[in-house]
Amino acid sequence: QVQRVESGGGGLVQPGGSLRLSCTTSGEIFSRSTVNWYRQTPGQQRELVATKTTRGITTYAASVRGRFTFSANNDRNTIYLQMNSLKAEDTAVYYCRFQAGWGADYWGQGTQVTVSS
């Protein structure tokens, strides 16, 4: 199966620290998709963290608003989730999802974020 989305940027960070996640895809998928970031912990449902529509409207879950920022580099077909002031409860596997205009979904493979001292 062709990997359409490449994820990166997770890791271990202390409480209060920062990480930046990234997802890169093809130009066609990037330009014609609503993009979402999700996170999931063991035994829990996947939680929607942030969304950016094709019109550039960005929304955040209340739990991350003011700490996480969604951005994109159009030249690199890459989206980012800048995560600041990280807390232990932010520990999860983070996934990006491109909801393409033609109805297909493309997911990143997930990246682990661990916030611990």
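In case you missed it, the structure is sitting above this.
Residues numbered from 1 in each chain as written. Predicted model: local features only at pLDDT ≥ 70, side-chain atom pairs only at ≥ 80, totals over all residues. Heavy atoms only, no water.

## Some details on the environment of Val49
Then, in step 1: Looking at where Val49 falls in the secondary structure, it is placed in strand 5 (residues 47-52).
Then, in step 2: Excluding residues that lie within four positions of it along the chain, Val49 makes contacts with Trp37, Tyr38, Arg39, Thr59, Tyr60, Ala61, Val64, Phe68, Leu81 and Tyr94. (Helix = DSSP H or I, 4+ residues; strand = E, 2+ residues; numbered from the N terminus. Contact = heavy atoms within 4.5 Å.)

## A short note on the nonpolar core
Then, in step 1: The biggest cluster of nonpolar side chains holds 28 residues, and the ones touching the most others in it are Trp37, Ile79, Leu81, Met83, Tyr94 and Phe98.
Then, in step 2: Here the element with the most residues in this core is strand 9 (residues 92-100); it accounts for 5 residues.
Then, in step 3: Setting aside residues no more than four positions away along its own chain, Phe98 makes contact with Val5, Cys23, Thr25, Ile29, Phe30, Ser33, Thr34, Val35, Ile79, Ala104, Asp105 and Tyr106. (Core = buried A, V, L, I, M, F, W, Y, C linked by side-chain atoms within 4.5 Å. Buried < 20%, exposed > 50% of the residue type's maximum accessible area, 1.4 Å probe, protein only.)

## Things to note about the pattern of salt bridges
Then, in step 1: Applying the stated criterion across every chain yields a total of 5 salt bridges.
Then, in step 2: Glu47 is the partner of Arg39 in a salt bridge, and the nearest nitrogen-oxygen pair spans 2.8 Å.
Then, in step 3: The exposure class of Glu47 is partly exposed, given its relative accessible area of 31%.
Then, in step 4: The partner of Arg97 in a salt bridge is Asp105, with the nearest N and O atoms 2.8 Å apart.
Then, in step 5: For Asp105, a relative accessible area of 39% puts it in the partly exposed group.
Then, in step 6: Each of the salt bridges in this network shares a partner with another, and the network as a whole consists of Arg39, Glu47, Arg67 and Asp90. (Salt bridge = Lys/Arg side-chain N within 4 Å of Asp/Glu carboxyl O.)

## Some words on the sheet that holds strand 3 (residues 19-24)
Then, in step 1: Strand order in the open sheet made by the 4 strands is 1-3-8-7, with antiparallel pairing throughout. The open sheet has two edge strands with one neighbour each: strand 1 (6-8) and strand 7 (68-73). Between one strand and the next, the sheet's axes are offset by a mean angle of 15°, whatever the strand orientation.
Then, in step 2: Summarising the sheet, strand 3 and strand 8 (residues 78-83) pair through 6 bridges and their orientation is antiparallel. Directly across from Arg20, in strand 8, lies its bridge partner Gln82. (Pairing = 2+ DSSP bridges. Axes fitted to C-alpha atoms, helices over the stretch in contact; angles between N-to-C directions.)

## Points about the packing of aromatic side chains
Then, in step 1: Evaluation of the coordinates by the stated rule reveals 3 aromatic pairs.
Then, in step 2: An angle of 80° between the planes, with centres 6.4 Å apart, marks the rings of Tyr95 and Trp107 as edge-to-face. Of the two residues, Tyr95 sits in strand 9 while Trp107 sits in strand 10 (residues 105-107), which places them 12 residues apart along the sequence.
Then, in step 3: A relative accessible area of 31% places Trp107 in the partly exposed class.
Then, in step 4: Grouped by ring-pair contacts, the aromatic residues Tyr38, Tyr95 and Trp107 constitute a single cluster.
Then, in step 5: The positively charged end of Arg46 is found above the aromatic ring belonging to Trp107, 4.8 Å away from the centroid. (Phe/Tyr/Trp six-rings, centres within 6.5 Å; stacked < 30°, edge-to-face > 60°. Lys NZ or Arg CZ within 6 Å of the ring centre and 35° of its normal.)

So far we have only geometry, and geometry alone does not tell us how the molecule works.
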